[in-house]
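Reading the structure
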Amino acid sequence: MRYAAPLTTKEAVSLLANAKGKAFVLAGGTDLLVRMRGDYIEPDLLVDIKRITATQDIKKSANGFRIGASVPCAALNENAGLVKAWPGVVEAANLIGSDQIQSRCTMVGNLCNASPAADTIPAMVAAQASAVIVGPAGRRTLAVEKVVIGPGKTSLKKGELIEAITLPKRPAKSGDAYLRFIPRTEMDIAVCSAGVNLTLDAQGVVKAARVALGAVAPTVVLVPDAAKAIVGTKLDSAALERLAKACEAACAPIDDKRGTVEFRTEVAGVLARRAAKIAYERAGGK
Amino acid sequence: MSGVHISTTVNGDSVEFVCHPSESLLDVLRNRIGLIGAKEGCSTGDCGACSITLDGRLVCSCLVLGAEVEGRDITTVEGMADGEKLHPLQINFLKHAALQCGICTPGFLVAAKALLDRNPSPTEEQIRFALAGNLCRCTGYDKIVRAVQATAKEIAKTTKKKR
Amino acid sequence: MAHDTSFTNQNFKMVGQRRPRPDGVDKVTGRARYGADVSAPGQLVGAILRSPHAHATIKKIDVSKAAKLAGVKAIITSADLPDLTNGNRGMFDILENCMARGRALYDGHAVAAVAAIDAPTAKKALKLIKVDYEVLPHVTDVDEAMKPGAPIVQPHIRTSGVEPPPKKASNISQITNFGHGDVEAGFRAADVIVEKSYKTEQTHQGYIEPHACLASVGPDGQGELWVTTQGHFVFRNTCATLLGMEIAKLKVTSSEIGGGFGGKTHVWTEPVALALSRKANRPVKLVMSREEVFRATGPTSSTSIDVKIGAKKDGTITGASASLRYQDGAFPSIWGMLGAMTAFACYDLKNVKTTGYDVLVNRPKVAAYRAPSAPMAAFAVESTMDQVAAKIGMDPVEFRLKNAASEGTLSSYGPTYGPIGIKPTLEAVKNHPHMKAKLGKNQGRGMACGFWFNFGGQTCSDINLGADGTVSVTIGTIDVGGSRASMSLIAAEELGIAYEQVKCTIADTSSLGHNDTTEGSRGTFSTGMAIIFAARDMIKTLRERAAKTWGIPVDDVEWKDGKASAIGAKHKKLTPLSLANIAASAAKTGGPIAAHNEVVADGAGVSFASHICDVEVDPETGATKVIRYTVIQDAGKAIHPDYVEGQFQGGAAQGIGWALNEEYIYGADGRLQNAGFLDYRIPVCSDLPFIDTQILEIPNPGHPYGVRGVGETSIVPPLAAVGNAVSNAAGVRMTHVPMSPPRILSALKAQRTG
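Below: a short report on this structure. What you are looking at is a predicted structure, and each value in this text was computed from that prediction instead of being measured.

This part covers the overall build of chain C. From N to C terminus, chain C includes 20 helices and 27 strands. Taking 754 residues into account, the globule formula puts the C-alpha radius of gyration at 27 Å, and chain C, at 27 Å, falls close to it. Seen through its principal axes, chain C has C-alpha atoms that stretch 90 × 75 × 55 Å. When burial is assessed residue by residue, chain C has 65% of its 754 residues classed as buried. Roughly 25300 Å² of accessible area belongs to chain C as shown, and the carbon and sulfur atoms make up 52% of that amount.

Below, the discussion takes up the pattern of salt bridges. The tally for this structure, following the rule as stated, stands at 73 salt bridges over all chains. As a salt-bridge pair, Lys228(A) and Asp225(A) come within 3.6 Å of each other at their nearest N and O atoms. One end of the pair is Lys228(A) and the other is Asp225(A), both in helix 9 (residues 224–230) and three residues apart, which spans about a single turn. In this structure Lys228(A) comes out as exposed when scored by relative accessible area, which is 63%. Between Glu645(C) and Arg18(C) there is a salt bridge, with the nearest N and O atoms lying 2.9 Å from each other. Placement of Glu645(C) in helix 18 (residues 641–660) and of Arg18(C) in the segment before helix 1 (24–29) is noted, with a sequence separation of 627 residues between them. Take Arg18(C): its relative accessible area is 44%, and that puts it in the partly exposed class. A cluster of three or more residues bridged by salt bridges with shared partners is formed by Arg184(A), Asp188(A), Lys257(A), Arg258(A), Asp679(C) and Arg681(C).

Residue and element names in this part refer to chain A. Note on placement: Arg264 falls in helix 11 (residues 261–282). A residue is classified by how much of its surface remains accessible, and Arg264, at 4% relative accessible area, is buried. Along the backbone, Arg264 and Val191 are 73 residues apart, and their C-alpha atoms lie at a distance of 6.6 Å. When sequence neighbours within four positions are dropped, the list of residues in contact with Arg264 reads Val191, Cys192, Ala215, Val216, Pro253, Ile254, Asp255, Asp256, Arg258 and Gly259. Separated by 3.3 Å, the side chain of Arg264 and the backbone oxygen of Ala215 make a polar contact.

Glancing now at the sheet that holds strand 22 (residues 577–578) of chain C. Sheet strands pair via backbone hydrogen bonds, and the direction of the pair is either parallel or antiparallel. All names here are of chain C. The sheet built from three strands is open, its strands ordered 20-21-22 with antiparallel pairing. For this open sheet the edge positions go to strand 20 (557–560) and strand 22, each flanked by a neighbour on one side alone. Bridge analysis of strand 21 (residues 563–566) against strand 22 gives two bridges, and the strand direction is antiparallel. The residue of strand 22 that forms the bridge with Ala564 is Leu577. In the packing of helix 15 (residues 523–550) onto the sheet, the strands contacted are strand 20, strand 21 and strand 22, and the crossing angle to strand 20 comes to about 130 degrees.

Let us now look at helix 3 (residues 105–118) of chain B. Each α-helix winds once per 3.6 residues, and so residues spaced three or four apart point in a common direction. Residue and element names in this part refer to chain B. An ideal rise of 1.5 Å per residue puts 20 Å on 14 residues; helix 3 measures up with 20 Å between its terminal C-alpha atoms. Most of helix 3 sits inside the fold, with eleven of its 14 residues counted as buried. Within helix 3, the full set of buried residues consists of Thr105, Pro106, Gly107, Phe108, Leu109, Val110, Ala111, Ala112, Ala114, Leu115 and Leu116.

Reading the values: rules and limits
Throughout, residues of each chain are indexed from 1 in the direction in which the sequence is written. Lettering of chains starts at A and numbering of ligands starts at 1, both following the order in which they are written. With the structure being a predicted model, the display of local features is reserved for residues of pLDDT at least 70 and the display and counting of side-chain atom pairs for 80 or more, all residues being used for whole-chain, interface and lining totals. As a rule here, side-chain values cover all heavy atoms of the structure and leave hydrogens and water aside. Starting at the N terminus, helices and strands are each numbered in turn, a helix being any DSSP run of H or I of at least four residues and a strand any DSSP run of E of at least two. In this treatment the radius of gyration is a C-alpha quantity, and the globule benchmark scales as 2.2 Å times the residue count to the 0.38 power. For each residue, the accessible area found with a 1.4 Å probe, counting protein chains only, is set against the maximum for its type, and the residue is called buried under 20%, exposed over 50%, and partly exposed in between. Note on areas: Shrake-Rupley, 1.4 Å probe, and residue coverage restricted to the protein chains presented here. A pair is scored as a salt bridge if a Lys or Arg side-chain nitrogen falls within 4 Å of a carboxyl oxygen belonging to Asp or Glu. Whether two residues are in contact is decided by their heavy atoms: any pair within 4.5 Å suffices. Within 3.5 Å is the distance limit for a polar contact, defined as a pair of N or O atoms, with the added protein rule that one can donate a hydrogen and the other accept it, and that residues adjacent in sequence qualify only through two side-chain atoms. By definition, two strands form a pair when at least two bridges between them are found by DSSP. Helix axes are fitted only over the stretch in contact, all axes being lines through C-alpha atoms; the angle between N-to-C directions runs from 0 to 180 degrees. In a helix, the anticipated span is given by 1.5 Å times the number of residues less one.

What follows is the structure, encoded as structure tokens:
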């Protein structure tokens, strides 16, 4: 195996594009190195992107936020502007693993690992985040929900890497939240999860909503019916019940060592309901 | 498999080594630099026994490659004491019997120091969540949390005095 | 054994103090050396190939490609470990568990091993070994394994304990019965009867330090083994036997131990490491991965238990019975028997009957785990006790007190109890502020009792006087959690000197006589006893030396406050001699001053505990949070209270993990699906509250200070205490451990839908 630490995205793309054998991007390494140790993958080349300036910081612009691909999740919480605008995305990122993992893991890594149970993906999907993809053919931007196409599989082509995630500009009276269920209080992989992003009108009525669920299908699912269930409401209990039912209907989970079909389906609805209430409060709703 | 040559800083000392590109920083520390304080309990980032800091951030050294640390700044449990003067956390871990077998202790000390450096007066809940990445199977964490609380109290006292 | 059994006049100066441990500084500075922390010049890296199948015939192992790989220095299979066990089936089972012999009996069973110049080469070599398996039907569930027609794990096994002896092979290796009276008559006399079935899943000791050793054997038949173990003397005997070595020529040194809890009482890879070293004629370091630890070492039994208890309306239990089915993994053992012995040990019962079944399945060999077998039996019995109490409308603590055993009670497993602590722990529960604290919404409280036998066993210790008057205490039991400090306190107490004057060290197998494994909560009990007797011998010697120095009769010399003093007015001018004074003139008074004691430490006192637990259950997700926990246990005499509390807290935490989240999950293919700390979920710091402790001291007459073992009992009540609390909080009786969120949620749902 070869290890390379290029200084530019262009150089990284060229290394990945020209690699013979299996090449992997290394950012925080909290998934990649675990898979290497467990012999699930045997890379021929690791391209460490942490020394590439364009991946290293969080930038705020008129269009929203740009979060570099090697920014560790711990750093998201240290950016007050980001926490204020996207508390749900930040809390999702900060739920991954321990403080030790937080120092290393990245949102882009979480996305590219493409686990159905990834914590940041439902929050990013709810937030309408996009991935800035750079490859041999140049740059493109892709909605986050289109990056993952199956468990462990992304739509990235050979030579492509994600340089950053962008989060859109926040309208007034908006809020987001992310909740997951784990058996312990820390360190577990989500058994199921829900990300909710809302914008309210002046009266506190939900005027736009996005609801995404994790670990209940092969990929994170955006649930338009769940959004519909609460748009036009002030999140009264009937609306929340409709939201939960719509979420349950969108679940197509599996039985595995972490949870049952029944449990995941039922709790996904509960979490969506609870997350919606938090997002609503954050958006200024009462 | 050709080796990677790395120059880095460990506990303030300049260190050079050659390692396999796939070798973990934990293995480098233990087998090439001779620092055995960091332990391997799992090699998957789940137990925290290999905790160190890398450029000031708390990490599991089993999930860092030796090849990654060129020019970085590493600290380990071996760098905690100031000469023959133990760090207050080390003193309080002993005073409060916060270790039984002791295998997790280096990781807990490094993690607790990272917490107190960032937040010198944490609540019990903040301590418990900050140490959730370090597994201890002997103590039920009771005396560990108490030792960290006692250290935080001492820090608060000394900073008060300084003012 | 003649020793003082009067406890009333003991006025301890050192015992009972909370002193810093002698190994402390090394452990907080990273200097302490554990199993994987030592290397030897020229050492090779050992690695083991393991079966991916739960049950298979090994038709052929082809190592030729691996042998040709540059850097590979030795490869071994069972062919390199001939059977030298001389008809000792127990020893043969250990051999076969270390390395499969023609058949793989569980997922993770060792099949071959290599030693190579580095880890990447060893790993590569394992991949080049080709094993031709013929996969056989397997069974991993204890109830399934007992059914007729189940795949047979060990064809030579005929169930023992049944008449006439069966002719056909069975997975039930033994059936054992305990009890007295007439349970059927007892049930007929009952006003209420509760009969219930329970299941508990398999858990692992979960020590943070994986098994690790450094083995070195030369062509001269001499060897050394550095290893993390709870019993280096027994490891030496076992390894020497399996490898055909002479016991005296194998020196085993115990490293610092990174947790054991019973799991490091058994050899797993050590004979393999020694065999690799012998073949390569170089030192071999063999360290297990976490995955290997889960797949191939440790676990405790999964169980299936039926309990029936009948009682009068006044709370008197008239009859109690239990059928306890424990799986032993792939090799027969006594775990079901221990479950049957401990199940009703807390109670004074007229009519009681328990039957234990030891059952073989295609899982790793079950190892001791802290009060092995007792927690599952206590879960079933103590859960039933609460239901009986509820049915007769009695407070659960009062119900237990009414039936608790006391001095003179004929125990359910045979012996008659001496002075014991079950009633005092229950009284302490009754009076504890925890019991009066208010509970909030979705919260519930539970309590439960637990019992463990404790053990003594073969022990020896040395005490040596240094030229400056300091004292070396050399012991042969392992320090798993501060016992060197306790041993130093005991030596200081006996000699009348300062704690700081004593240094306690654990000897290797060539430096001290045999010591049994540190198990059964015997460390402080038995080694403490040996030190007391050795110190008393040393005092005799010290008095003789002082007498010689002064030229007076030894009877005129007494040992007081760490000094030899001449008694009587005629010796008024003689200044008392300190240890340093006596040591300084030792060359002139008879040479080095040393004492030793060898003992079979009989008289281990049984131990009881009662725990109180509060939980909050989220009725929408089934998530449980332990919000308060109290441990009350009889320690006999707490030598070092910090480490006694530590044992109480650690056992409780392990039990809470077992109760709520820890379990081995096997797939339909018989393979372990959660062989790592990510999905084998031991409690993390944020999962637990502070664990309050209360130490009771009901002296054990079998020990000079009244000490009882304290290490194990603390894991016995938590499964039931948590279970009773969860059942009270959720309003539904939980009968399957772990009470994981999906199990709680589905129990709630089942109750709602009737």
